[in-house]
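A structural walkthrough
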There are 2 protein chains.
Amino acid sequence: MAQTPSIPKGTRDYSPDIMVKRNYIFDTIKSVFKLYGYQPLETPAMENLSTLMGKYGEEGDKLLFKILNSGDFLAQVPENELLERNSIRLTNKISEKGLRYDLTVPFARFVVQHQSELTFPFKRYQIQPVWRADRPQKGRYREFYQCDVDVVGSDSLLHEVELIQMVDEVYRRLHINVRLLINNRKILAGIAETIGHPDKLTDITVAIDKMDKIGGDAVNAELREKGIDETAIEKLQPILNLQGSNNEKLERLQGILQNSPTGLKGIEELTTVFNYLEGLSIGTEVKLDLTLARGLSYYTGAIFEVKALDVQIGSITGGGRYDDLTGIFGLKNMSGVGISFGADRIFDVMQQLNLFPEDNKATTQILFVNFGAKEERYCLPLMQQLRAAGINTEIYPEPAKMKKQMGYADKKGIPFVALVGETEMQENKIALKNMATGEQQNITLAQAVEILKK
Amino acid sequence: MAQTPSIPKGTRDYSPDIMVKRNYIFDTIKSVFKLYGYQPLETPAMENLSTLMGKYGEEGDKLLFKILNSGDFLAQVPENELLERNSIRLTNKISEKGLRYDLTVPFARFVVQHQSELTFPFKRYQIQPVWRADRPQKGRYREFYQCDVDVVGSDSLLHEVELIQMVDEVYRRLHINVRLLINNRKILAGIAETIGHPDKLTDITVAIDKMDKIGGDAVNAELREKGIDETAIEKLQPILNLQGSNNEKLERLQGILQNSPTGLKGIEELTTVFNYLEGLSIGTEVKLDLTLARGLSYYTGAIFEVKALDVQIGSITGGGRYDDLTGIFGLKNMSGVGISFGADRIFDVMQQLNLFPEDNKATTQILFVNFGAKEERYCLPLMQQLRAAGINTEIYPEPAKMKKQMGYADKKGIPFVALVGETEMQENKIALKNMATGEQQNITLAQAVEILKK
């Protein structure tokens, strides 16, 4: 007797009901991407470890899933290395490939590898699973989909604007109320410069980031701990407590950061973006948030984050501009900007708020009850006509008890059932039963098509 | 200076132009699956090795990509096993997971694992990559997509019929001329029985399978070599040389196999399927082919294979009925039938015959030339209106030289370019240039929408 089989922890099967909902999200997002000229790209699940290692920090290297070399992988390993029992060092000898950890590094690899064939600016979206050997826990998986959209090869701020438009349009279509937070790495650098600690950019940002959660006093305590002097902390206070509209904040920052060319450049960039947005009808609130940092070491300009307003769930979309995406693979001066939609979290938000539409095209629309061989032969051509009219049609595969056949329709969520027996065959009619109301009517095939098309 | 990055051999990047074509194939196939009540399923890329091992034969076990356990994978390995240098045995100690090798075993695993939640007959399709550590060569990859459709939990021959209908509809929509070959494992068993060699079913089938290629004499020689006696070979001749329509062949077989209940059952099954098909308008030729065997050890009833008529490429779709799909995981009596569409080969056929449609929605439909900051601000709201009308719209991100902007439109295959400068802004018009004809006209936005919607 075989054991009930299972799947590796942290992975999931997506059953049909889940798939239909996930596809709804992905299809919506893709349709918006296309409206802005972004095109699909897919890269292999496996990348050479030389492509992946060192790109996600030491911790990231450990979280890569590594693939054992095929064949006699031990043949080339010297005996002393075997006995050394150094798993990390041995990995290099017995594994050359790993599963992709995100979509950004494979994208950068693709751009560098195919630079001569691509048209720049190159706009691509990519929706594929990634794998991380993280400890699985609620909401954290070892296999999950990322949904990235990026443009590379242009530093035009029009791209920041169109990404904001795309966020606005995606969440309008999904009926999720969101707020888009925006910041600029150059402003953060300007702040660090202005208070006299350009080297402490990360510490300062991490502390500022906690403002909402722990309050000003605790933030200041943390800054002191990190070696920021009192004068600097003093100078930081008006920035931490900046109030008002985006433009008011930027105006005040203009004064505060007046001696930092980098900071002023950041202000100018954001001002330009806000100006463009003014002429457009954006339903989403776009809010300057100086505490927004996200992957600071990576971004060089705009930083984005999107929060759902009606559910406590953290960020559901994020991204920013990076001036050196492809530098890791030797291609310099390739500025890009992009965002990533968090499919799992968007799914959870929509589930919680009951936002998934009743998709009557996702399942079968009409089930023919099976009364036996003669009726089967009569029904098959009718079913073919329904399908030609675009209606998802099934027949129960055997003349089982009515209860069983109805139960199948019910469990599969099929809205209509056709009963075609002796009488209906003689009258050239269909008895069409509405499973929701229980209502039944004798009609022609053409009439059935009309009802089902609604 | 970093080295130009590459991808593991046998894997591929799917660039946007390829993706658009692949999506066209998959979308067509999916839309047909849905018409017949099949729903999407996805399973994890990684399965436990205990799920995968032993399911594909000894050779298959070797071709599985195995994932190195995370962390200090050597910690639990005894020293003597390390020094033994037995790569296969060590694999069991340092790897617990593998990449899926096909979609059938994960599907069987899913059905058994979730049997209590599923509604049977369970109809699912699954389109996902699989991985095999095969030696890469022309047309053979280490990562490739499979596109499977199966129904499990019913032995009704109506499913054989609907699979044939689906094949017919898919290839009608893709404009590929095909022939569908059909056979039945029970007939092959009946033949082996009738000629007195029920134990040599595989040898006989393998030999018969070569009939077309090597001719009758060579087939007979091979049979002799395999230990089939002369009387049996004599008896086989009328079967090998069966001529006529499907029904004529089945009628003659009925006589030949009269003493084999299994053989007669197979004939009855095929007759039933052909009878159903007669009442339906199927454009595809469905041909009984007794030499068709495909994965014989696996199928128990119908066997299908689809060949493209206008290209030499082998089978582009295949499948059959298996009565014991889930037995390997302890769930008995779960009959199923399914087929698999070969995405790579279908792609090659369509490419070769130039069957991919001009998809004017796949790329940007209109590019706004960038004349500078003032024009950008004027154009952005116009672009928003075009997108609201469902038109894929871009603006070149910076006021580059006209030649460069036109080159971008050209390379990306964008059919229309909008020129909106000082004059057009004053007149509230758009100069719309058709990139194919070179024709240019001054029109309103509404008129542009009409042209682009065509």
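An unreviewed UniProt entry annotates chain A as Histidine--tRNA ligase of Candidatus Odoribacter faecigallinarum. Annotation of chain A in UniProt includes, under Subcellular location (unreviewed entry), the sentence "Cytoplasm".

Some points on the overall build of chain A
Counting secondary structure elements, chain A contains 18 helices and 16 strands. Its C-alpha atoms give chain A a radius of gyration of 29 Å, more than 25% over the compact-globule value 22 Å for 454 residues. Dimensions of chain A along its principal axes, counting C-alpha atoms only, are 95 × 70 × 45 Å. Across the 454 residues that make up chain A, the buried fraction comes to 58%. Surface summary for chain A: the accessible area is close to 19,400 Å², and the carbon and sulfur share equals 47%.

Observations concerning the sheet that holds strand β15 (residues 430–434) of chain A
Residue and element names in this part refer to chain A. Strand order in the open sheet made by the five strands is β13-β12-β14-β15-β16, with mixed pairing throughout. Only two strands of the sheet have a single partner each, and these edge strands are β13 (393–395) and β16 (440–443). Each strand axis lies, on average, 25° off the axis of its neighbour in the sheet, ignoring direction. Pairing of β15 with β16, which is carried by four bridges, proceeds in the antiparallel orientation. Bridge assignment links Lys433 to a residue of β16, and that residue is Gln440. Set on the sheet, helix α16 (residues 402–411) makes contact with β12 (366–368), β13, β14 (416–419) and β15; between it and β12 the angle comes to about 160°.

Some details on the relation of the copies chain B and chain A
Turning chain B through 180° and shifting it by 0.0 Å along the axis lays it on chain A, with an RMSD of 0.0 Å. Both chain copies can therefore be described as sitting about a two-fold axis. Using C-alpha coordinates, one finds that chain B approaches the rotation axis most closely at Ile67 of chain B, a distance of 2.2 Å. When the interface residues of chain B are mapped onto chain A, 100% of them again lie at the interface, so the same face is used by both copies.

A look at the interface of chain B and chain A
Facing 111 residues of chain B, the contacting portion of chain A comprises 111 residues. At the surface where chain B touches chain A, the tally comes to four salt bridges. Between Asp13 of chain A and Arg109 of chain B there is a salt bridge, with its nearest N and O atoms 2.6 Å apart. Linking chain B with chain A are 41 residue pairs in polar contact (both at pLDDT 80 or more). Residue composition of the side of chain B that touches chain A, by class: 51 nonpolar, 35 polar and 25 charged.

Let's talk about unusual backbone geometry
At the junction of Phe120 of chain A and Pro121 of chain A, the peptide bond is cis and its omega measures out at -5° in the coordinates. Along the polypeptide, Pro121 of chain A turns up in the loop between α6 (104–113) and β5 (122–131). Phi is positive for Asn428 of chain A, close to 60°, though the residue is something other than glycine. Take Asn428 of chain A: it is sitting in the loop between α17 (422–427) and β15. Asn428 of chain A sits in the exposed class, given a relative accessible area of 55%. You will see that Asn354 of chain B, though not glycine, has its phi angle at about 60°, which is positive. Looking at where Asn354 of chain B falls in the secondary structure, it is placed in the loop between α14 (343–352) and β12 (366–368). Under the relative-accessibility criterion, Asn354 of chain B is labelled exposed at 66%.

Let's talk about the pairing of strand β15 (residues 430–434) of chain B
Of all five residues in β15 of chain B, four are buried; the element is thus mostly enclosed. As consecutive antiparallel partners, β15 of chain B and strand β16 (residues 440–443) of chain B are separated by five residues, and within that stretch Gly438 of chain B has a phi angle of approximately 80°, a positive value.

Let's talk about the environment of Asp13 of chain A
Relative to the helices and strands, Asp13 of chain A resides in the segment before α1 (16–35). Look at Asp13 of chain A and you get buried, because its relative accessible area is 15%. Asp13 of chain A sits 371 residues away from Gln384 of chain A along the chain, and the two C-alpha atoms are 32 Å apart. Every residue in contact with Asp13 of chain A, bar those within four places of it in the chain, is listed here: Ile7 of chain A together with Glu42, Thr43, Pro44, Arg109, Phe110, Gln113 and His114 of chain B. Here Arg109 of chain B takes part through its side chain, which lies 2.6 Å from a polar atom of the side chain of Asp13 of chain A. Of note is the side chain of Asp13 of chain A, whose polar atom sits 3.2 Å from the side chain of His114 of chain B.

A look at the side chain of Lys200 of chain B
Residue and element names in this part refer to chain B. Here Lys200 lies in the loop between α8 (185–194) and α9 (201–209). Here Lys200 occupies a buried position and makes no salt bridge, while the nearest side chain of opposite charge, Asp199, is found at 4.7 Å. From its side chain, Lys200 meets the backbone oxygen of Lys226 in a polar contact 3.0 Å long. Filtering out sequence-adjacent residues up to four positions away, Lys200 remains in contact with Lys226, Gly227 and Ile228.

Comments concerning the sheet that holds strand β1 (residues 39–40) of chain B
Sheets are built from strands paired through backbone hydrogen bonds, the pairs being either parallel or antiparallel. All names here are of chain B. What the eight strands build is an open sheet, ordered β1-β5-β6-β11-β10-β9-β7-β8; its pairing is mixed. Two strands close off the open sheet at either side, each with one partner strand: β1 and β8 (285–288). When strand β9 (residues 302–308) meets strand β10 (residues 315–322), the two strands line up antiparallel, connected through five bridges. Bridge pairing in β10 links Phe304 to Gly319. In the packing of helix α1 (residues 16–35) onto the sheet, the strands contacted are β5 (122–131), β6 (143–152) and β11 (336–341), and the crossing angle to β6 comes to about 5°.

Observations regarding the pattern of salt bridges
In the structure shown here, the tally under the stated rule is 42 salt bridges over all chains. Put simply, Glu285 of chain B and Arg179 of chain B hold a salt bridge, and the shortest N to O gap is 2.9 Å. With Glu285 of chain B in strand β8 and Arg179 of chain B in strand β7 (residues 178–184), this residue pair connects regions lying 106 residues apart in the sequence. We classify Glu285 of chain B as partly exposed; its relative accessible area is 39%. Here Glu230 of chain B and Arg224 of chain B are joined by a salt bridge, their closest N and O atoms 2.5 Å apart. Relative accessible area serves as the criterion here: at 43%, Glu230 of chain B is assigned to the partly exposed category. Bridged by salt links that share partners, the residues Lys123 and Glu162 of chain A together with Glu394 and Lys412 of chain B form one connected network.

What about the environment of Leu223 of chain A?
Residues and elements named next belong to chain A. Take Leu223: it is sitting in helix α10 (residues 211–225). Sequence separation of Leu223 and Arg135 is 88 residues, and the distance between their C-alpha atoms is 31 Å. Apart from residues no more than four positions distant in its own chain, Leu223 is found in contact with Asp203, Ile204, Ala207, Ile228, Ile233 and Leu236.

Regarding the pairing of strand β6 (residues 143–152) of chain A
Residues and elements named next belong to chain A. Most of β6 sits inside the fold, with 10 of its 10 residues counted as buried. Side chains Glu143, Tyr145, Cys147, Val149 and Val151 of β6 all project onto a buried face; the interleaved residues Phe144, Gln146, Asp148, Asp150 and Val152 project onto the opposite face, where all are buried too. With 10 bridges joining them, β5 and β6 adopt antiparallel strand pairing. Note on β6: the bridge partner recorded for Gln126 is Asp148. As paired strands, β6 and strand β11 (residues 336–341) are joined by six bridges and run antiparallel to one another. Among the inter-strand pairings, Val149 is bridged to a residue of β11, identified as Ile339.

Here is what the cut-offs are and how they apply
Residues numbered from 1 in each chain as written. Chains lettered and ligands numbered in written order. Predicted model: local features only at pLDDT ≥ 70, side-chain atom pairs only at ≥ 80, totals over all residues. Heavy atoms only, no water. UniProt positions renumbered as here; feature names shortened; annotations may be inferred. Helix = DSSP H or I, 4+ residues; strand = E, 2+ residues; numbered from the N terminus. Rg over C-alpha atoms; globule rule 2.2 N^0.38 Å. Buried < 20%, exposed > 50% of the residue type's maximum accessible area, 1.4 Å probe, protein only. Areas by Shrake-Rupley, 256 points an atom, 1.4 Å probe, with all protein chains shown as cover. Pairing = 2+ DSSP bridges. Axes fitted to C-alpha atoms, helices over the stretch in contact; angles between N-to-C directions. Contact = heavy atoms within 4.5 Å. Least-squares fit on C-alpha atoms with pLDDT ≥ 70 in both. Salt bridge = Lys/Arg side-chain N within 4 Å of Asp/Glu carboxyl O. Polar contact = N/O pair within 3.5 Å; in protein donor to acceptor, adjacent residues only side chain to side chain. Nonpolar A, V, L, I, M, F, W, Y, C, P; charged D, E, K, R; others polar. Lys, Arg positive; Asp, Glu negative; His and termini not counted.

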